[in-house]
Amino acid sequence: MIDHISVGVSDLDRSAKFYEATLTALGLTRLVTRPRTVGFGKTYPEFWINLREGMPAVAPESGVHICLRARTTTEVDAFHAAALAAGGVSDGEPGIRPHDRVRYYAAFVVDPDGNRIEAVTFPAD
């Protein structure tokens with residue numbers, strides 16, 4: 001139902017490097033580069049970062065996060081590791097999250113601007 005998403009960033013070059021490293025683990029690559037925006041995806045830009053000069057950090061209590069689908073738990077692990085290596089902060093180590101209706105494997109990170117990004121997969125076992 002959702003075609004694409006975008007997040008605001010205060011430093012386009014820094015964030016492009018962060019997301020290039022992080023999203024590669026999920027099979028997304030940089031597809032579009034413009035003066036104030038960069039688009040990542042598999043066949044078309046699904047995830048955009050947009051320069052918002054002077055933007056304050058995203059408030060942790062905003063409750064907003066973006067979840068991206070991974071194919072395997074290995075991809076989730078790689079996403080988390082790449083994000084930390086690229087300057088992100090862990091907001092939830094990779095692991096199983098058991099809930100009432102569904103069991104899933106996920107990891108959460110915070111980008112340099114405070115955007116919360118999750119990678120998730122639904123293991124069969």
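In what follows, the structure referred to is the one given above.
The present account deals with the structure reproduced in this document. Here the structure is a predicted model, which is why all the values come from computation and not from measurement. (Residues numbered from 1 in each chain as written. Predicted model: local features only at pLDDT ≥ 70, side-chain atom pairs only at ≥ 80, totals over all residues. Heavy atoms only, no water.)

## Thoughts on the pattern of salt bridges
By the definition in use, this model includes five salt bridges. We note a salt bridge from arginine 30 to glutamate 20, for which the minimum N-O separation is 3.4 Å. A residue pair is termed long-range when its members are at least 10 positions apart, and arginine 30 in strand β2 (residues 29–34) and glutamate 20 in helix α1 (residues 12–24) qualify at 10 residues. On the basis of relative accessible area, glutamate 20 is assigned to the partly exposed category, the value being 34%. Across the salt bridge formed by glutamate 53 and arginine 36, the nearest N and O atoms sit 3.6 Å from each other. With glutamate 53 in the loop between β4 (45–51) and β5 (65–69) and arginine 36 in the loop between β2 and β3 (37–41), the pair connects residues that are 17 residues apart, well separated along the chain. (Salt bridge = Lys/Arg side-chain N within 4 Å of Asp/Glu carboxyl O. Helix = DSSP H or I, 4+ residues; strand = E, 2+ residues; numbered from the N terminus. Buried < 20%, exposed > 50% of the residue type's maximum accessible area, 1.4 Å probe, protein only.)

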